[in-house]
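Report on the structure
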Amino acid sequence: MKKNNIEGWLFVSPLVIWISLIILVPIYIAFELSLFNVKIIGTSGKFVGIDNYIKLFGKSKFVNASLNSFYWIIGNAICQTFFAFTIALTINYKFPGKKIMANWIILSFIIPTVVVVVIWKLMLSSSSGVINSVLIDIGLLDEATGFFSSPNKAFISLVLINSWRWSPFLALIILSGLNSINREMYDASKVDGANFVQQFLFITFPNLKSVLFVLGLVGTLLSFNIFDIIWLITKGGPSSATTTLPLLIYETAFTKFRISQAATLSIVTSFLLLLFSIIFIKSMAPKEDD
Amino acid sequence: MIKENNIKLILLSLSLLLIILIFFFPFFWIITSSFKSPEEIIATSTTIIPRSFTLEHYNKILFNSDFFIYLKNSLIVSFSSMIISIILSVSAAYGLHKLKFYGNKFVEYSLLVTYAFPGVILLVPIYLLFAKVNLLNSYFALIVVNVLFATPFAVWMLKAFFKLIPNEIEEAAYIDGASRYIVISRIIVPLAAPGIASVAIFCFIISWTEYLFASILISGDDLKTLPVGLAGIVGQYQIDWGFLLSGAVLASLPVILLFVFIGKYFVSGLTEGAVK
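The structure reproduced in this document is the subject of the present report. From a predicted model like this one, the values you see are computed outputs, not experimental measurements. (Residues numbered from 1 in each chain as written. Chains lettered and ligands numbered in written order. Predicted model: local features only at pLDDT ≥ 70, side-chain atom pairs only at ≥ 80, totals over all residues.)

**Re the overall build of chain A**
We count it as follows: By definition, any uninterrupted DSSP run of H or I lasting at least four residues is a helix, any uninterrupted run of E lasting at least two residues is a strand, and each is numbered from the N terminus. Burial is judged by counting other C-beta atoms within 10 Å of a residue's own C-beta: 20 or more means buried, 12 or fewer means exposed, and anything between counts as partly exposed, with every C-beta placed from the backbone.
Looking only at helices and strands, chain A has 14 helices and zero strands in total. Ordered by position from the N terminus, the helices and strands of chain A form the series α-α-α-α-α-α-α-α-α-α-α-α-α-α. Each principal axis of the C-alpha atoms in chain A carries an extent, and together these give about 75 × 70 × 30 Å. By residue count, 43% of the 290 residues in chain A fall in the buried class.

Below is the structure:
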């Protein structure tokens, strides 16, 4: 194919420059800071070399937050895959009201996260929450429980709330993949006697490869980045059980005022995510056939 | 065969019920609750049908709070971010779609990674950068960040919409002597209008809902956005639920209204083109 080097770059460069400036310059500043010992923003500290990095790996807080982030990504991946596929496969069928549902299912994604927090804080409230009173009414609970009071309960509740926000959006993207699958394949498999479970496993799933690639990559990174839902509900508690790496960075910088440490954390985390992305793209990228 | 259809029907009804309960009921709940009396909101026994009706919470938030200041700030920031995002991403998406150039795959994948990459990792560095160049406490700081978050996915979506436009139309225009600029402004943009509309909504939503950077980069009360203003109430020790709920409903209203008018483009845009 003919290459259009100059014109091509002319079209993409405004955006590329905007993005690179806003990512690379700050990362350079952060890297510089990570080599010093600065506490409050604006003050100066002495040069400590890679000391911050060495100390970081010995900190139990860092290890704890990394583990939490790992569980967070896995938990969200499982829940969101389940919800998103349920929604996508359901909407893919014909039923009365399908159009309205397909349009409005994404409501949880378009409202501000703060509103998501308000909704679930009210619904899950231990004193007056509707979930508690329904669970008691149907006999699943003896008395009202605090959904954010113990480490495990808080973690699971947050995973569910975050999945509630994101699954419909992911479902629509899966739906786009479903729409691109050739209908005839299903008809042919029916003739061969395949049931709908087999159809899902051998036609639907394999044909969603490129969609699942994007979702796997973007979804993982997006889950990792979640901050506001956790921060506004539990502040990382109880006893740091919901402190993921983003919360640790925020806390270190803006409540503990250890800017150099926070910068070090940011650099290490960026590096880890970049590594993950490169490995993921190199090993999973579907072959382009257009 | 009949048996399989029955199982399908039961499964479909079950999942429909589940979806309605999980994804729609919460909205019914906060909207009705925002009209309930304060006593009913915090009552331990709850009924699905509201027992009281009051406008006092809305009265309070509309006429006795900074709601309109926050609303104005959110609108300014979101609209500016949306317009800049659209201009930058239409241009980039066209370049990536039509013009094969050295490094285009690299740009494409980098965009995909940056879509998810920034977030909190950039929080401290960006804060430091903006402190250095005196951008803290300005609309522009938020716009810069929102564009960064919105454009990568916007490009990804736009590219898919551009692919749906038959190549022949464009080539015919070139044969008639049209320039690249004319082709883009008279052919590509109008033909991709539904797609561009849905991408625009996406950009608007991203900016409208952004909380983290808005809470850190803005400290002046007069420049705070709606999510930050609302979060201030969430964080209080004694939550005034009625006040908070009516605020939540009002803060969601603009995106929902926008969605009523152009939402179907957004959804069909996502489902028809997003990942082709």
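So, next bit.
**Some words on the overall build of chain B**
Our working rule: Whether two residues are in contact is decided by their C-beta atoms, placed from the backbone, lying within 7 Å.
Each helix and strand counted, chain B has 13 helices and zero strands in total. In chain B, the order of α-helices and β-strands from amino to carboxyl end is α-α-α-α-α-α-α-α-α-α-α-α-α. The buried share of chain B, taken over its 276 residues, is 49%. Within chain B, residue pairs in contact and separated by at least 24 positions form 78% of the contacts whose partners lie at least 6 positions apart.

**Quick notes on the interface of chain A and chain B**
Condition: Charged residues are taken to be Asp, Glu, Lys and Arg, nonpolar residues to be Ala, Val, Leu, Ile, Met, Phe, Trp, Tyr, Cys and Pro, and polar residues to be all remaining types, Gly included.
Taken residue by residue, the interface counts 85 residues in chain A and 83 residues in chain B. Take the side of chain A that touches chain B: its biggest share by element is 19 residues, from helix 1 (residues 5-34) of chain A. Along the lines of polarity and charge, the residues of the side of chain A that touches chain B split into 60 nonpolar, 22 polar and three charged.

**Focus on the nonpolar core**
Stated precisely, the cut-off is as follows: Nonpolar core, as used here: buried Ala, Val, Leu, Ile, Met, Phe, Trp, Tyr and Cys residues forming one set through C-beta atoms within 7 Å.
If you look at the biggest cluster of nonpolar residues, it comprises 167 residues, and the most contacted ones within it are A:Val118, A:Ile249, B:Leu123, B:Val124, B:Phe202 and B:Cys203. In terms of residues, this core owes the most to one element, helix 7 (residues 139-163) of chain B, which gives 18 residues. Setting aside chain neighbours within four positions, we find B:Val124 in contact with A:Ala30, A:Ile249, A:Ala253, A:Ile259, A:Ala262, A:Ala263 and A:Ser266.

**Let's talk about the environment of A:Thr243**
All names here are of chain A. On the secondary structure map, Thr-243 appears in the loop between helix 12 (228-234) and helix 13 (245-254). For the pair Thr-243 and Phe-257, spaced 14 residues apart in the sequence, the C-alpha separation amounts to 17 Å. Ignoring anything within four residues of it in the chain, the contact list for Thr-243 reads Asn-64, Ala-65, Asn-68, Gly-236 and Leu-248.

**Section: unusual backbone geometry**
Residues and elements named next belong to chain A. In the Ramachandran plot, Ser-239 falls in the positive-phi region, its phi being about 40 degrees despite a non-glycine side chain. Here Ser-239 lies in the loop between helix 12 and helix 13. The exposure class of Ser-239 is exposed, given the 11 C-beta atoms found within 10 Å.

**A word on helix 11 (residues 209-225) of chain A**
Put simply, the rule is: To estimate how far a helix should reach, multiply one less than its number of residues by 1.5 Å.
Along its 17 residues, helix 11 of chain A runs 24 Å from first to last C-alpha, staying within 8% of the 24 Å computed at 1.5 Å per residue. Across the 17 residues that make up helix 11 of chain A, a large majority, 12, are buried.

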